[in-house]
Amino acid sequence: MDADIKKVLYSEQEIQAVTQRLGQQITADYQGKNPLLVCILKGAYLFMADIAKNVSDYAEVDFMNVSSYGDGVVSTGNVKIIKDLDIDVKGRDVIIVEDIVDTGQTLAYLIDLFNGRDVKSVKVCSLLDKPEGRKVDVQVDYAGFEVPNEFVVGYGLDYAEKYRNLPYIGILKPEIYTE
Ligand code: PRP
Ligand code: MN
Ligand code: MG
(Lines give C-alpha, C1' and ligand atoms only; values in the text may rest on other atoms or scores of the structure.)
(Ligands and ions follow the chains in the order given, each with its own letter.)
Protein backbone atom coordinates (compact mmCIF):
# COMPACT_ATOMS: atom_id res chain seq x y z
CA MET A 1 0.00 0.00 0.00
CA ASP A 2 3.01 2.33 0.48
CA ALA A 3 4.67 1.62 -2.89
CA ASP A 4 3.70 5.00 -4.40
CA ILE A 5 4.61 7.03 -1.29
CA LYS A 6 8.00 8.74 -1.06
CA LYS A 7 7.71 9.66 2.60
CA VAL A 8 5.14 9.54 5.37
CA LEU A 9 4.67 13.07 6.73
CA TYR A 10 2.05 12.48 9.41
CA SER A 11 1.04 9.16 10.93
CA GLU A 12 -2.47 8.18 11.94
CA GLN A 13 -1.53 8.81 15.59
CA GLU A 14 -0.19 12.31 14.88
CA ILE A 15 -3.36 13.14 12.96
CA GLN A 16 -5.52 11.89 15.85
CA ALA A 17 -3.63 14.10 18.29
CA VAL A 18 -4.06 17.16 16.10
CA THR A 19 -7.79 16.57 15.54
CA GLN A 20 -8.23 16.34 19.32
CA ARG A 21 -6.41 19.63 19.82
CA LEU A 22 -8.42 21.41 17.11
CA GLY A 23 -11.71 19.94 18.35
CA GLN A 24 -11.01 21.19 21.87
CA GLN A 25 -10.13 24.66 20.58
CA ILE A 26 -13.36 24.85 18.55
CA THR A 27 -15.39 23.61 21.54
CA ALA A 28 -13.91 26.35 23.72
CA ASP A 29 -14.37 29.11 21.11
CA TYR A 30 -17.98 28.24 20.18
CA GLN A 31 -19.49 27.58 23.61
CA GLY A 32 -23.27 27.99 23.47
CA LYS A 33 -23.20 28.79 19.75
CA ASN A 34 -24.33 25.69 17.81
CA PRO A 35 -21.86 26.11 14.92
CA LEU A 36 -22.39 24.50 11.52
CA LEU A 37 -19.47 22.34 10.42
CA VAL A 38 -19.28 22.38 6.63
CA CYS A 39 -17.27 19.50 5.16
CA ILE A 40 -15.72 20.24 1.77
CA LEU A 41 -15.88 16.96 -0.13
CA LYS A 42 -14.30 14.88 -1.15
CA GLY A 43 -10.95 15.71 0.42
CA ALA A 44 -12.21 16.53 3.92
CA TYR A 45 -14.34 13.41 4.42
CA LEU A 46 -12.12 11.69 7.00
CA PHE A 47 -10.97 14.87 8.75
CA MET A 48 -14.59 16.00 9.17
CA ALA A 49 -15.50 12.81 11.03
CA ASP A 50 -12.56 13.17 13.41
CA ILE A 51 -13.15 16.88 14.03
CA ALA A 52 -16.89 16.41 14.59
CA LYS A 53 -16.24 13.66 17.17
CA ASN A 54 -13.85 15.95 19.04
CA VAL A 55 -16.20 18.93 19.24
CA SER A 56 -17.79 18.11 22.58
CA ASP A 57 -20.70 20.51 22.34
CA TYR A 58 -23.70 20.90 20.02
CA ALA A 59 -22.77 21.34 16.39
CA GLU A 60 -24.58 20.62 13.15
CA VAL A 61 -22.93 19.13 10.09
CA ASP A 62 -23.46 19.56 6.36
CA PHE A 63 -21.58 18.61 3.22
CA MET A 64 -20.64 20.41 0.06
CA ASN A 65 -18.75 18.94 -2.87
CA VAL A 66 -16.50 21.32 -4.78
CA SER A 67 -13.64 20.54 -7.11
CA SER A 68 -10.95 22.48 -8.93
CA TYR A 69 -8.09 20.03 -9.45
CA GLY A 70 -9.87 17.25 -11.33
CA ASP A 71 -7.30 14.57 -12.08
CA GLY A 72 -4.28 16.91 -12.21
CA VAL A 73 -1.70 18.12 -9.68
CA VAL A 74 -2.24 21.81 -10.49
CA SER A 75 -5.36 23.81 -9.62
CA THR A 76 -7.45 24.83 -12.63
CA GLY A 77 -8.36 27.93 -10.60
CA ASN A 78 -11.97 27.23 -11.55
CA VAL A 79 -13.97 26.06 -8.53
CA LYS A 80 -17.01 23.99 -9.49
CA ILE A 81 -19.90 23.21 -7.11
CA ILE A 82 -20.81 19.57 -7.57
CA LYS A 83 -23.13 19.39 -4.57
CA ASP A 84 -24.39 22.36 -2.57
CA LEU A 85 -25.39 22.48 1.10
CA ASP A 86 -28.81 21.33 2.34
CA ILE A 87 -28.90 23.61 5.40
CA ASP A 88 -29.53 27.36 5.00
CA VAL A 89 -26.42 29.14 6.30
CA LYS A 90 -28.08 32.53 6.80
CA GLY A 91 -27.29 33.85 10.28
CA ARG A 92 -25.17 30.79 11.12
CA ASP A 93 -21.69 30.49 12.58
CA VAL A 94 -20.07 28.45 9.84
CA ILE A 95 -16.82 26.51 10.19
CA ILE A 96 -15.43 25.36 6.85
CA VAL A 97 -13.68 22.01 7.30
CA GLU A 98 -10.99 21.45 4.66
CA ASP A 99 -8.23 18.91 4.17
CA ILE A 100 -5.74 21.38 2.66
CA VAL A 101 -5.40 25.05 1.76
CA ASP A 102 -2.89 25.37 -1.09
CA THR A 103 -3.42 28.21 -3.65
CA GLY A 104 -6.31 29.36 -1.44
CA GLN A 105 -8.66 29.63 -4.43
CA THR A 106 -11.18 27.08 -3.15
CA LEU A 107 -11.35 28.75 0.24
CA ALA A 108 -11.58 32.30 -1.14
CA TYR A 109 -14.46 31.15 -3.35
CA LEU A 110 -16.28 29.53 -0.41
CA ILE A 111 -15.79 32.46 1.96
CA ASP A 112 -17.24 34.86 -0.65
CA LEU A 113 -20.11 32.48 -1.30
CA PHE A 114 -21.02 32.16 2.39
CA ASN A 115 -20.68 35.88 3.05
CA GLY A 116 -23.06 36.45 0.12
CA ARG A 117 -25.49 34.09 1.84
CA ASP A 118 -25.41 36.27 4.98
CA VAL A 119 -23.68 34.01 7.45
CA LYS A 120 -23.13 35.42 10.92
CA SER A 121 -19.48 34.33 10.86
CA VAL A 122 -17.22 32.08 8.83
CA LYS A 123 -14.01 30.46 10.03
CA VAL A 124 -11.75 27.83 8.58
CA CYS A 125 -10.43 24.59 10.02
CA SER A 126 -7.93 22.81 7.78
CA LEU A 127 -5.79 19.78 8.55
CA LEU A 128 -3.04 21.00 6.25
CA ASP A 129 -1.84 24.44 5.30
CA LYS A 130 0.64 24.97 2.45
CA PRO A 131 1.58 28.67 2.72
CA GLU A 132 4.12 28.45 -0.14
CA GLY A 133 1.33 27.52 -2.54
CA ARG A 134 -0.78 30.65 -1.98
CA LYS A 135 -2.08 32.66 -4.93
CA VAL A 136 -4.82 34.45 -3.03
CA ASP A 137 -4.57 35.72 0.50
CA VAL A 138 -6.68 33.57 2.81
CA GLN A 139 -6.16 32.60 6.42
CA VAL A 140 -6.70 29.35 8.24
CA ASP A 141 -8.13 29.91 11.74
CA TYR A 142 -7.62 26.33 12.94
CA ALA A 143 -4.67 24.65 11.23
CA GLY A 144 -3.28 21.18 11.87
CA PHE A 145 0.09 21.02 10.12
CA GLU A 146 2.08 23.23 7.76
CA VAL A 147 3.21 21.19 4.76
CA PRO A 148 6.07 21.80 2.32
CA ASN A 149 5.45 22.61 -1.34
CA GLU A 150 5.08 19.00 -2.50
CA PHE A 151 2.11 16.99 -3.67
CA VAL A 152 0.67 15.22 -0.64
CA VAL A 153 -1.93 12.46 -0.55
CA GLY A 154 -3.78 10.29 1.94
CA TYR A 155 -6.35 10.75 4.73
CA GLY A 156 -8.80 12.18 2.18
CA LEU A 157 -6.35 13.80 -0.24
CA ASP A 158 -6.17 12.29 -3.70
CA TYR A 159 -4.23 12.15 -6.88
CA ALA A 160 -6.72 11.35 -9.67
CA GLU A 161 -9.13 9.96 -7.01
CA LYS A 162 -6.56 7.51 -5.62
CA TYR A 163 -4.95 7.37 -2.15
CA ARG A 164 -7.88 8.97 -0.30
CA ASN A 165 -8.21 5.91 1.93
CA LEU A 166 -4.64 5.92 3.25
CA PRO A 167 -4.82 6.44 7.05
CA TYR A 168 -1.77 8.77 6.99
CA ILE A 169 -0.52 11.78 4.98
CA GLY A 170 2.40 11.16 2.65
CA ILE A 171 4.36 12.72 -0.19
CA LEU A 172 3.58 11.07 -3.52
CA LYS A 173 6.54 9.86 -5.57
CA PRO A 174 6.93 12.42 -8.40
CA GLU A 175 7.28 9.64 -11.00
CA ILE A 176 3.63 8.74 -10.33
CA TYR A 177 2.38 12.02 -11.80
CA THR A 178 5.18 12.84 -14.27
CA GLU A 179 5.02 10.08 -16.83
C1 PRP B 1 -8.46 20.03 -3.16
C2 PRP B 1 -8.46 20.07 -1.65
C3 PRP B 1 -9.01 21.44 -1.34
C4 PRP B 1 -8.48 22.29 -2.46
C5 PRP B 1 -7.26 23.04 -2.01
O6 PRP B 1 -9.74 19.70 -3.64
O7 PRP B 1 -9.29 19.06 -1.13
O8 PRP B 1 -10.42 21.44 -1.36
O9 PRP B 1 -8.14 21.37 -3.53
O10 PRP B 1 -6.58 23.64 -3.07
P11 PRP B 1 -6.51 25.20 -3.34
O12 PRP B 1 -6.18 25.90 -2.07
O13 PRP B 1 -5.40 25.31 -4.36
O14 PRP B 1 -7.83 25.64 -3.91
P15 PRP B 1 -9.99 19.14 -5.12
O16 PRP B 1 -10.36 20.26 -6.03
O17 PRP B 1 -8.83 18.30 -5.52
O18 PRP B 1 -11.30 18.24 -4.94
P19 PRP B 1 -11.41 16.95 -3.96
O20 PRP B 1 -11.47 17.47 -2.57
O21 PRP B 1 -12.69 16.30 -4.37
O22 PRP B 1 -10.20 16.11 -4.22
MN1 MN C 1 -11.23 19.44 -1.81
MG1 MG D 1 -8.52 16.49 -5.23
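Calculation criteria
- Residues numbered from 1 in each chain as written.
- Chains lettered and ligands numbered in written order.
- Predicted model: local features only at pLDDT ≥ 70, side-chain atom pairs only at ≥ 80, totals over all residues.
- Heavy atoms only, no water.
- 1 Å grid on protein atoms, 1.4 Å probe; cavity = no way out; pocket = protein on both sides within 12 Å on 5 of 7 lines; lining within 4 Å.
- Points joined across faces, edges and corners; volume = space filled by probe spheres on them.
- Helix = DSSP H or I, 4+ residues; strand = E, 2+ residues; numbered from the N terminus.
- Nonpolar A, V, L, I, M, F, W, Y, C, P; charged D, E, K, R; others polar.
- Pairing = 2+ DSSP bridges.
- Right-handed = clockwise from strand over helix to strand, strands pointing away.
- Buried < 20%, exposed > 50% of the residue type's maximum accessible area, 1.4 Å probe, protein only.
- UniProt positions renumbered as here; feature names shortened; annotations may be inferred.
- Disulfide = S-S within 2.5 Å.
- Salt bridge = Lys/Arg side-chain N within 4 Å of Asp/Glu carboxyl O.
- Axes fitted to C-alpha atoms, helices over the stretch in contact; angles between N-to-C directions.
- Contact = heavy atoms within 4.5 Å.

S.K.: Sorry if this is basic, but what is going on with the layout of surface pockets here?
M.R.: The rolling of a water-molecule-sized probe over the atoms marks out the regions of remaining empty space. Of the pockets and cavities examined, the largest pocket occupies roughly 620 Å³. Forming the boundary of the largest pocket are 34 residues, of which V66, S68, Y69, D99 and D158 lie nearest the centre. Take the lining of the largest pocket: its biggest share by element is four residues, from strand β5 (residues 93–101). Per-class residue counts for the lining of the largest pocket are 13 nonpolar, eleven polar and ten charged. The calculated volume of the second largest pocket comes to roughly 160 Å³. Lining of the second largest pocket is provided by Y69, V73, V74, S75, D102, T103, K130, G133, K135, N149, E150 and F151.

S.K.: I'm lost on the pairing of strand β3 (residues 60–67) in this one. Help?
M.R.: Looking along a regular strand, one sees the side chains alternate between the two faces of the sheet. Relative to β3, strand β2 (residues 36–41) runs parallel, the two being bridged by six bridges. Looking at the pairing, I40 lines up with M64 of β3. Chirality of the crossover, the property in question, places the unit of β2, helix α2 (residues 45–54) and β3 among those that are right-handed.

S.K.: So what exactly am I meant to see when it comes to the pairing of β2 here?
M.R.: Judged by how many residues are buried, β2 sits mostly within the fold: five of six residues are covered. Note: β2 against β5, four bridges, orientation parallel. Residue V38 lies in a different strand from β5, and its bridge partner there is I96.

S.K.: Please explain the UniProt feature "domain: Phosphoribosyltransferase" (unreviewed entry) in the protein chain as it appears in this structure.
M.R.: Mapped onto this numbering, the UniProt entry gives "domain: Phosphoribosyltransferase" (unreviewed entry) at residues 11–159. Helix makes up 27% of residues 11–159 and strand 29%, and the two end C-alpha atoms of the span are 19 Å apart.

S.K.: Just checking my understanding: could you explain the state of the cysteines for this structure?
M.R.: What makes a disulfide is a covalent bond joining the sulfur atoms belonging to two cysteines. A full pass over the atoms with the stated rule returns zero disulfides. Here C125 is not cross-linked by a disulfide; its sulfur's nearest cysteine counterpart is in C39, at 11 Å.

S.K.: Which parts of the structure should I look at to understand the pattern of salt bridges?
M.R.: Oppositely charged side chains may form a pair once their charged atoms are brought near each other. The final tally for this structure, using the stated rule, is eleven salt bridges. Across the pair K6 and E150 runs a salt bridge, and its minimum N-O distance is 3.0 Å. Here K6 is found in strand β1 (residues 5–10), whereas its partner E150 is found in the loop between β7 (142–146) and β8 (152–153), with 144 residues between them in sequence. For K6, a relative accessible area of 47% corresponds to the partly exposed category. Here the salt bridges do not stand alone but share partners, grouping K42, D158, E161 and R164 into one network.

S.K.: Which parts of the structure should I look at to understand the sheet that holds strand β4 (residues 80–83)?
M.R.: Across a sheet, paired strands are connected by hydrogen bonds in the backbone, their directions being either parallel or antiparallel. The strand order β4-β3-β2-β5-β6-β7 describes an open sheet built from six strands, whose pairing is mixed. Strands at the two margins of the open sheet, each flanked by one partner only, are β4 and β7. Each adjacent strand pair in this sheet contributes to an overall mean axis angle of 30°, direction not counted. Note that strand β6 (residues 121–129) and β7 share four bridges and pair parallel. Its bridge partner being in β7, L128 is matched across the sheet by F145. On the sheet, helix α1 (residues 12–29) packs against β5, β6 and β7 and is oriented at approximately 160° with respect to β7.

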